[in-house]
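Examination of the molecular architecture
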Amino acid sequence: MLHTFVAYVEDKPGVLTRVASLFRRLNINIVSLTVGHSERPGQSRMTIVADAPSNAGGQAGDRIRASMYKLDDVVEVDDIGRSPSVTRELALIKVAATAANRSHIFELVEVFRARIVDLAPDSLMIEITGVESKIEGLIQVLNETEERVLEVCRSGKMTMRRGKHSTGVLRAMGINGPEPPKPEAVQDNFADNI
Amino acid sequence: MTTPEENNAHLSNSITGPTRLTGAEIIWATLVGEGVDTVFGYPGGAILPAYDALRKFPIHHVLVRHEQGASHMADGYARASGKVGVAIATSGPGATNLVTGIATAMLDSIPMVCITGQVSSKVLGSDAFQEVDITGITLPVTKHNFLVTRPEDIAPAIRSAFQIAKSGRPGPVLVDITKDAQQASATFDFAAAKPRPYNPHPMLSVVDSGLKDAAALIRASKRPVILAGHGIMQSNAGEQVRTLAERMQIPVGTTLLGLGSFPASHPLNLGMMGMHGESWVNDSIQQADLLIACGMRFDDRVIGTPATYALNAKKIHIDIDPAEINKNVKADVALVGDLRQVLEQLLPLLPGRDGSAWLNQIAASKGDAAVRDIKNLPDSGHLYAAHVMHDLWRITEGRAIVATDVGQHQMWQAQYYRHDHPRTLITSGGLGTMGFALPAAIGAKFASPDREVWCIAGDGGFQMTACELATIVQEKLNVNIAIINNGYLGMVRQWQEFFYDKNYESTPLVSPDFVKLADAHGIPGLAVRDRGDLEAAVQTARGHQGPFLLNFLVEQEDSVYPMIPAGAALHEMIRRPGSNASHNPLLERPEDQ
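Please read these numbers as outputs of a predicted model, since none were measured by experiment.

Further remarks concern the sheet that holds strand E20 (residues 548-553) of chain B. Residue and element names in this part refer to chain B. On the basis of which strands lie adjacent, the open sheet formed by six strands has the order E16-E15-E17-E18-E20-E19 and parallel pairing. Unpaired on one side and paired on the other, strand E16 (425-426) and strand E19 (525-528) mark the two borders of the sheet. In the sheet, E19 pairs with E20 via four bridges, with the strands oriented parallel. Bridged to glycine 525 within E20 is leucine 549.

As structure tokens, then:
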């Protein structure tokens, strides 16, 4: 089962190793991991998507989160779970294409709201952002046509809860008032995001 | 005119405000500021600047014979005192030799700070002589670690290390300090190096919602059992647990590391649970309708297998570490927080109850399994380890601090030496580290110089760290040593007997004459073969001023009973052989109660 965590960590050498080492120790595969500066000085923001084995039980998310809190450099961890959130991934896709068959790719790119960011005599590069399923959809149709996908570079998922300061931690600390009623879980949907 | 020593001692006293010091001096000044008076260590190239500055500070350095001994001594010191133990080693092999001791402390949540020298920051990562990435190596076995390359970072790192080591769920912290950071100078300001305050987990908020549920479960339960763990000692909650047990008439089973947290002689104490726990404790747990886990983590040696563990019982799990909740056993109510504080909030919700029906049921179920009074057992003159443990308990009146190693003797000690007081049993529970007992006993002696300290080790484990006998002599320590010598790696032999068709591969053990080995160190000793000589030998050791070694040559193929085979259910114990089994005199007969 996939779990998505957003973590604020100290921006120091070795922190990535500590976080990654924790997942390794728990024998949990990291599906994707993105790190970058956050709005907080001296703290980085990580989005970690992890595939916890089903035998870890329904509480796997809680346990991973609690274990992450044990790391001294981890400031805050949020388990996004199925809460309303916006998820994006960026991908660069290089496709073999010549002047003869470019126009077909342009059409696909238009449909997927992607962009051409580089054009060479025998190849072109597509930039696409969206949810995982959208990116995989484009790669799939590219593979189904005669154009060859030469390279794919994907950023991994970045996730942010919808609405104002909605992390569970702030609620638990009573900073953000009582827990708001939980809206219907919103499924990531290809059609919504395209 | 003052001697150089007096001048130097002055340095430590004269530091009242910000002072210009070398990094090496800052290490010791910070330790003094943290209240450290004893450290266990071994010098070497990359830590030499620190050792050069040591004489200026009022800290006693115990020179060990192997760095593993240093980390176990710091561990034993911490377990006996409740304070943070400190070990020091040089870079490379010095640092890697600490690792077993660090992992031992990690698994048992022991507050410890290890300081290692590191090669100069200019050559870091170049495979310099005696360079090893010790912060990388110890990443999974420390609570946190630091690599310090600048003198101004030393005091904040060490102060943070102490804070992290003792806050929340305690654990070991390593501070790796490069040689150039020790040699360069910086302004030392102890107060300014204060670490950021310890913030309890945001997840600790679970407590509020769970208290009422927990109280309701306790009030409604008919067959409750308290599971008393190491956390009771860590949070100093012995009194609160006792109040809970007495007020609600709840029987108490303890884990191995929980021995002493609840008095063994208390009528509500059932004894030790788990793999080699008493059968009636494990049976009570299996029949219980409520388990109240106090500072314990449902280790696999305690639960057998989660699929069969206490299936009829609701579980209230009180632990300071949220990561322990639902890890091995699913909790119905989780109270995450400091045990003492949680119980102080919980107790006002519990008015008291009559638990006699359940207590009587347990008493009846003890039946023929309840014999522990070895004095009345058939005496063939043979010496059994159980005799040794029982007599040591009787003769020391249960007041000694006992450090045990790992294996059969460890279990016999846990079964037959009754611990009424916290911090009197020092043993490696989680990691099961052979070679732990002797150095841990040395550390405990430094923590409690006025207490009687016994090291009890098997003939196998003792030889792993026997070099520390020299440390005992150099430090003129009064530590008594009992070797339970059966000529085998006994616990492994027992597993081979039970589960590997008695294929005693690589478990028979040829050992030196331990009495002569002690003699070579200037330590007197006695070999004891017969039960009749036991008491006199123990009294001789106790009466001797200074260390004394007793080599108990016990029955060779004795086994620890009862036993839950690994992965089996708690009620599927292998019981003691019946009266028709001739090889074991520790029979269980109801008339011996």
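Another point: the interface of chain A and chain B. Residue-level contacts link 17 residues of chain A with 19 residues of chain B. Between chain A and chain B lies a buried interface of about 1600 Å² when both sides are counted; carbon and sulfur atoms form 58% of it. Linking chain A to chain B there are three salt bridges. One salt bridge in this structure joins A:Glu10 and B:Arg196, with 3.2 Å as the shortest N-O distance. Run the count over chain A and chain B and you get five residue pairs in polar contact (both at pLDDT 80 or more). Of all the secondary-structure elements, those providing two or more residues to the side of chain A that touches chain B are helix H1 (15-25), helix H2 (60-69) and helix H5 (168-172) of chain A. With six residues, the top contributor of residues to the side of chain A that touches chain B is H2(A). Split into classes, the residues belonging to the side of chain A that touches chain B amount to four nonpolar, four polar and nine charged.

Now for the environment of B:Tyr416. All names here are of chain B. With respect to the secondary-structure elements, tyrosine 416 resides in helix H17 (residues 408-416). On the basis of relative accessibility, which here comes to 4%, the residue tyrosine 416 falls in the buried class. Placed 29 residues apart in sequence, tyrosine 416 and histidine 387 show a C-alpha to C-alpha distance of 8.4 Å.

As a further point, take the sheet that holds strand E3 (residues 43-51) of chain A. Residues and elements named next belong to chain A. In spatial order, the strands read E2-E3-E1-E4; together these four strands make up an open sheet with antiparallel pairing. Whereas interior strands pair on both sides, the edge strands pair on one side only; in this sheet they are strand E2 (29-37) and strand E4 (74-79). Across the sheet, the mean angle from the axis of one strand to that of its neighbour is 20°, orientation sign disregarded. When strand E1 (residues 2-10) meets E3, the two strands line up antiparallel, connected through nine bridges.

Conventions used here
Residues numbered from 1 in each chain as written. Chains lettered and ligands numbered in written order. Predicted model: local features only at pLDDT ≥ 70, side-chain atom pairs only at ≥ 80, totals over all residues. Heavy atoms only, no water. Pairing = 2+ DSSP bridges. Helix = DSSP H or I, 4+ residues; strand = E, 2+ residues; numbered from the N terminus. Contact = heavy atoms within 4.5 Å. Buried area = accessible area lost by both parts, 1.4 Å probe. Salt bridge = Lys/Arg side-chain N within 4 Å of Asp/Glu carboxyl O. Polar contact = N/O pair within 3.5 Å; in protein donor to acceptor, adjacent residues only side chain to side chain. Nonpolar A, V, L, I, M, F, W, Y, C, P; charged D, E, K, R; others polar. Buried < 20%, exposed > 50% of the residue type's maximum accessible area, 1.4 Å probe, protein only. Axes fitted to C-alpha atoms, helices over the stretch in contact; angles between N-to-C directions.

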